[in-house]
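What follows is the residue order along each chain.
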There are 2 protein chains.
Amino acid sequence: MADPATSAPLTRASVQAAHDLVRPFVHHTPTLTNATLTSLASTARRPEDLVGTEWEGRAQPPASPAVRLWFKCENLQRIGAFKVRGAFHAIEKLKQEPGWLAGGGKEKGVVTHSSGNHAQALALAARTNGIPAYIVMPDISPPAKIAATRGYGAKVIFSGSTSVEREAAAAKVIEETGARLVPPYDHPDIVLGQGTLGLELQEDAARMMTEAESDPPSGKCSFAAPVTKQERGERKPEPSSSGAKTKRRNQLDIILAPCGGGGMLSGVALSCEGTGVRVFGCEPSFEGADDAKRGFESGTRVETVKTLTVADGLRTPLGRVPWSVIYERRLVEGFYSVTEAEIRDALRLVLERFKMVIEPSAAVPLAVALYNEDFRALVEREYGAEGADVGIVFSGGNLNLEILGSLFGGGESAKN
Amino acid sequence: MADPATSAPLTRASVQAAHDLVRPFVHHTPTLTNATLTSLASTARRPEDLVGTEWEGRAQPPASPAVRLWFKCENLQRIGAFKVRGAFHAIEKLKQEPGWLAGGGKEKGVVTHSSGNHAQALALAARTNGIPAYIVMPDISPPAKIAATRGYGAKVIFSGSTSVEREAAAAKVIEETGARLVPPYDHPDIVLGQGTLGLELQEDAARMMTEAESDPPSGKCSFAAPVTKQERGERKPEPSSSGAKTKRRNQLDIILAPCGGGGMLSGVALSCEGTGVRVFGCEPSFEGADDAKRGFESGTRVETVKTLTVADGLRTPLGRVPWSVIYERRLVEGFYSVTEAEIRDALRLVLERFKMVIEPSAAVPLAVALYNEDFRALVEREYGAEGADVGIVFSGGNLNLEILGSLFGGGESAKN
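This is a predicted model, so every value here is computed, not measured. (Residues numbered from 1 in each chain as written. Chains lettered and ligands numbered in written order. Predicted model: local features only at pLDDT ≥ 70, side-chain atom pairs only at ≥ 80, totals over all residues. Heavy atoms only, no water.)

### Examining the confidence of the model for chain A
Residue and element names in this part refer to chain A.
Consideration 1: The predicted model of chain A averages 90 in pLDDT, with 89% of residues at 70 or higher.
Consideration 2: Here residues 217–241 scores under 50 on pLDDT; set against residues more than four positions off or in separate chains, the count is 52 contacts.
Consideration 3: Overall, residues 411–416 carries pLDDT values under 50, and its contacts beyond four positions in sequence, including any with other chains, amount to 6 contacts. (pLDDT = per-residue confidence, 0-100. Contact = heavy atoms within 4.5 Å.)

As structure tokens, then:
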């Protein structure tokens with residue numbers, strides 16, 4: 001990987017430059033709306049829904065925000081997740097690095113340790129460039145993941161499953177082959193690459209809002225028609241005068257993105273710098289998976305996490321480079337977390353009502369919009385009757401069909 | 001329901017008129033492409049893939065067609081299936097029927113017997129018009145289906161599960177309320193309404209082909225970019241001179257649609273009349289579910305079917321009105337059937353690779369394109385190197401998550 005010291009500065013302009021580099025290789029995925037989910041997010045929960053949550057029995061009634069949701073569908077991205085953006089960007093930057101090509105870099109290849117989407121993303125980006133890719137995977141990885149990574153032409157190297165074992169295996173590959181390490185999130189080039197989805201989401205939502213205005217809703221429905229501000233406004237109470245934001249015309253107000261290692265979240269935050277779009281991170285709360293939230297609120301980055309949350313893409317601790325953007329520069333405004341049951345319920349709604357396949361990690365921001373009373377109260381308080389346009393990052397769609405049975409088996413379905 | 005004798009003639013122009021009537025109420029669903037599925041459909045199967053099929057051991061090698069697939073996503077339609085098109089059309093036509101409104105028709109309401117998508121479609125169309133809807137459902141219907149139908153404001157009446165019992169229950173409702181029967185498929189107004197999806201598919205695919213031509217592929221990828229004729233053509237053998245069709249420029253060549261009662265298939269066939277687009281019906285073969293195919297080939301409509309195919313929307317026999325369009329007027333060119341395993345494999349590909357949720361019935365046409373050697377040999381023979389543009393109707397997306405476990409549980413997954 002290119003030396004971080006020589007990377008472009010972490011700015012919105014650098015995200016735009018990254019976009020120019022990766023555009024030939026990645027899909028400009030669609031931004032979609034869904035009337036059912038927007039309506040659910042804009043409906044106050046019943047007091048009994050809050051029983052057993054941290055908001056049970058509080059004095060004020062459940063929040064009644066007006067929310068319009070805009071879904072960035074990276075589940076429809078190549079390899080089924082946003083990770084190709086960072087991987088292609090990292091390789092393009094390597095190719096620009098003085099001496100890398102001349103030094104035989106293309107023949108020496110690239111290496112990473114990952115059993116997830118980054119493994120397939122790097123394998124694809126390397127193959128596209130005719131570069132060998134070495135992927136260190138735990139020897140207990142699911143056979144389907146191993147086969148998929150090999151399917152992109154990568155050489156899979158097995159290791160033990162601790163981070164020490166994986167790093168040792170990667171170091172051995174580097175020693176033997178001269179391959180360059182491309183880490184999954186903790187590098188400026190990865191951060192800038194992933195941030196390109198934030199640019200597309202902002203642009204597409206703004207365009208769709210403008211188009212909807214020039215073709216106002218009558219009886220006419222069209223696919224994915226957004227709920228208009230007028231429709232929403234009629235049903236909502238007046239904003240309280242204190243703390244009310246001035247609604248920005250035809251722009252997103254907020255983006256909610258999942259946070260694992262934080263590469264994508266910090267990239268999206270950079271893509272919003274100076275635009276007025278507010279960015280929040282979303283995490284599972286299970287077994288301490290809300291490490292970024294805890295670190296952000298305490299001022300000290302949490303460096304280890306050990307959780308088996310169903311949102312398996314979000315089990316990693318926040319990286320140093322993401323932390324510098326998210327916390328030190330305060331480009332992320334805060335974090336919200338959700339329970340395993342809330343993630344599962346949000347996932348079910350997406351499968352059943354949106355007819356989209358997403359992976360559990362990708363359901364976390366929607367779960368925040370639907371179920372996190374702190375977030376919902378913020379929107380009600382600050383955006384009132386006019387409501388807020390909220391971008392939701394569907395980060396990936398690599399859902400193992402076999403685990404659906406364990407998620408949705410038995411009598412749980414009556415709930416929805 | 002409007003008296004069939006007073007319905008519009010079964011012509012393409014009547015489908016266009018139906019489209020004008022239903023357009024305010026239904027989504028214009030997107031037509032999408034998917035590079036992975038198009039590539040799979042354009043790859044010859046291995047001889048060992050045909051072991052155990054009717055094509056095992058035949059002399060010629062597996063067919064090697066060039067196919068570009070265009071998916072009409074009615075899984076993203078309101079209530080999750082195309083059925084709203086027919087239901088809204090039927091009610092609009094009732095409103096136009098002399099004397100129906102004046103005779104208190106709106107107060108008397110509408111009735112049908114269905115436990116499937118038609119029940120919810122009629123309930124929604126009736127509620128939209130402020131008309132009571134009575135839905136006769138078998139008393140063994142899944143609670144979720146009952147709740148969903150009631151959720152649209154319909155009154156659910158339970159009956160036994162034989163057709164005699166259901167019809168008796170519906171007759172009793174009509175006697176007591178004066179409600180008008182709106183059958184699920186066997187009526188001209190339903191046929192014309194469902195056919196509107198065929199118009200949209202033809203128009204959208206033609207537009208997308210033209211756009212792709214004016215923006216030729218470079219290294220640039222975009223979401224759902226169709227494989228170009230050039231790309232395909234380079235990989236394919238020359239067409240045999242005998243039987244080769246002249247490729248029509250920027251139009252679909254073929255539409256594959258599922259066939260249960262045949263309302264949608266016959267409507268789509270009408271939407272293609274005189275355009276040169278060839279229409280084929282697709283059925284499961286399990287337990288005689290290929291009734292339309294058998295009837296079409298023998299010249300006698302099969303009137304009863306008893307099958308538990310996983311494609312539960314396709315368990316009904318072909319209706320009389322559809323038969324008149326499909327067989328007597330020969331607007332459908334033929335039928336293809338697929339096995340339960342082929343339906344399941346196609347469904348898995350759509351969930352895993354297309355990230356779309358569809359129901360098993362909707363996977364049947366894709367299964368034909370991927371696995372039916374008779375269809376694939378026809379495309380190779382008649383379209384050769386140039387290949388065929390094939391529209392695939394994704395008829396609905398109401399997939400019960402609980403049945404996914406039974407479909408994809410165990411060790412079957414290794415196959416894909």
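### Considerations on the sheet that holds strand β5 (residues 155–159) of chain B
Residue and element names in this part refer to chain B.
Consideration 1: Read across the sheet, 4 strands follow the order β5-β4-β3-β6 without closing on themselves; strand pairing throughout is parallel. The sheet is open, and its two borders are formed by β5 and β6 (180–181), each paired with just one other strand.
Consideration 2: As defined by bridge partners, strand β3 (residues 110–113) adjoins strand β4 (residues 133–138) across 4 bridges and the pair is classed as parallel. Looking across to β4, one finds that Thr112 is bridged to Ile135. (Pairing = 2+ DSSP bridges. Helix = DSSP H or I, 4+ residues; strand = E, 2+ residues; numbered from the N terminus.)

### Here's the deal with the nonpolar core
Consideration 1: Judged by nonpolar contacts, the single largest core of 98 residues is most densely connected at Leu69(A), Leu256(A), Leu69(B) and Leu256(B).
Consideration 2: Other than its neighbours up to four places away in sequence, Leu256(A) contacts Phe280(A), Cys282(A), Pro365(A), Val368(A), Ala369(A), Phe375(A), Val390(A), Gly391(A), Ile392(A) and Val393(A). (Core = buried A, V, L, I, M, F, W, Y, C linked by side-chain atoms within 4.5 Å. Buried < 20%, exposed > 50% of the residue type's maximum accessible area, 1.4 Å probe, protein only.)

### Points about unusual backbone geometry
Consideration 1: Positive phi, normally seen in glycine, also occurs at Glu287(A), with a value near 50°.
Consideration 2: With respect to the helices and strands, the residue Glu287(A) is situated in the loop between β8 (278–284) and α11 (291–298).
Consideration 3: Of note, Lys355(B) is a non-glycine position whose phi angle comes to about 60°, a positive value.
Consideration 4: Within the fold, Lys355(B) resides in the loop between α14 (340–354) and α15 (364–371).

### Observations regarding the interface of chain B and chain A
Consideration 1: Between chain B and chain A, the contact holds 31 residues from the first and 31 residues from the second.
Consideration 2: For the pair chain B and chain A, the summed buried area comes to about 2600 Å², and 63% of that belongs to carbon and sulfur atoms.
Consideration 3: Between chain B and chain A we count 0 salt bridges in total.
Consideration 4: Here chain B is connected to chain A by 6 residue pairs in polar contact (both at pLDDT 80 or more).
Consideration 5: Among the elements of the structure, α14 and α17 (401–408) of chain B are those that each provide at least two residues to the side of chain B that touches chain A.
Consideration 6: Tallied by class, the residues present in the side of chain B that touches chain A amount to 13 nonpolar, 11 polar and 7 charged. (Buried area = accessible area lost by both parts, 1.4 Å probe. Salt bridge = Lys/Arg side-chain N within 4 Å of Asp/Glu carboxyl O. Polar contact = N/O pair within 3.5 Å; in protein donor to acceptor, adjacent residues only side chain to side chain. Nonpolar A, V, L, I, M, F, W, Y, C, P; charged D, E, K, R; others polar.)

### Comments concerning the pattern of salt bridges
Residues and elements named next belong to chain A.
Consideration 1: Taken as a whole and assessed by the stated rule, the structure comprises 44 salt bridges over all chains.
Consideration 2: The partner of Glu373 in a salt bridge is Arg376, and the shortest N-O contact between them spans 3.8 Å. Here Glu373 and its partner Arg376 are both found in helix α15 (residues 373–383), 3 residues apart, which amounts to about one turn of the helix.
Consideration 3: Given the relative accessible area of 0%, Glu373 is considered buried.
Consideration 4: We classify Arg376 as buried; its relative accessible area is 1%.

### Some words on the packing of aromatic side chains
Centre distance and the angle of the planes are the two values used to describe a pair of aromatic rings.
Residue and element names in this part refer to chain A.
Consideration 1: Across all of its chains, the model carries 20 aromatic pairs over all chains by this definition.
Consideration 2: Aromatic side chains Trp323 and Tyr327 sit 4.4 Å apart centroid to centroid with 15° between the ring planes, which places their arrangement in the stacked category. Within this pair, Trp323 and its partner Tyr327 are both found in helix α12 (residues 320–328), separated by 4 residues, close to a single helical turn. Across this residue pair, the class does not change: Trp323 and Tyr327 are buried. (Phe/Tyr/Trp six-rings, centres within 6.5 Å; stacked < 30°, edge-to-face > 60°.)

### Focus: the side chain of Asp389(B)
Consideration 1: By the element assignment, Asp389(B) lies in strand β10 (residues 388–394).
Consideration 2: Classification of Asp389(B) by relative accessible area gives buried; the value is 0%.

### Remarks on the state of the cysteines
Consideration 1: The tally for this structure, following the rule as stated, stands at 0 disulfides over all chains.
Consideration 2: Here Cys282(B) stays free of any disulfide, with the sulfur of Cys259(B) as its closest cysteine sulfur at 9.0 Å. (Disulfide = S-S within 2.5 Å.)

### Some words on the environment of Gly397(A)
Consideration 1: If you trace the backbone, Gly397(A) turns up in the loop between β10 (388–394) and α16 (401–408).
Consideration 2: Between the C-alpha atom of Gly397(A) and that of Pro360(A), which follows or precedes it by 37 residues, the distance is 8.5 Å.
Consideration 3: Sequence-distant contacts of Gly397(A), defined by excluding residues within four places in its chain, comprise Asn75(A), Gly80(A), Val357(A), Ile358(A), Glu359(A) and Lys355(B).

### Regarding the packing of helix α1 (residues 12–22) of chain A against helix α3 (residues 83–96) of chain A
All names here are of chain A.
Consideration 1: Axis separation between α1 and α3 bottoms out at 9 Å; the angle between their running directions is 90°. Between α1 and α3, the interaxial angle falls into the category roughly perpendicular. Facing α1, whose interface residues are Ala18, Leu21 and Val22, α3 presents Arg85, Phe88, His89, Glu92, Lys93 and Gln96.
Consideration 2: When grouped by side-chain class, the residues that make up the contact of α1 with α3 number 4 nonpolar, 2 polar and 3 charged. (Axes fitted to C-alpha atoms, helices over the stretch in contact; angles between N-to-C directions. Parallel < 35°, antiparallel > 145°, perpendicular 65-115°, else oblique.)

### What to know about the pairing of strand β4 (residues 133–138) of chain A
Residues and elements named next belong to chain A.
Consideration 1: Burial analysis of β4 places 6 of its 6 residues in the buried class, the great majority of the element.
Consideration 2: The alternating pattern of β4 places Ala133, Ile135 and Met137 on one face and Tyr134, Val136 and Pro138 on the opposite face, and all of these are buried.
Consideration 3: A crossover connection joins strand β3 (residues 110–113) to the parallel β4 through helix α5 (residues 117–128); in handedness this β-α-β unit is right-handed.
Consideration 4: Alignment of β4 against strand β5 (residues 155–159), held across 5 bridges, turns out to be parallel. (Right-handed = clockwise from strand over helix to strand, strands pointing away.)

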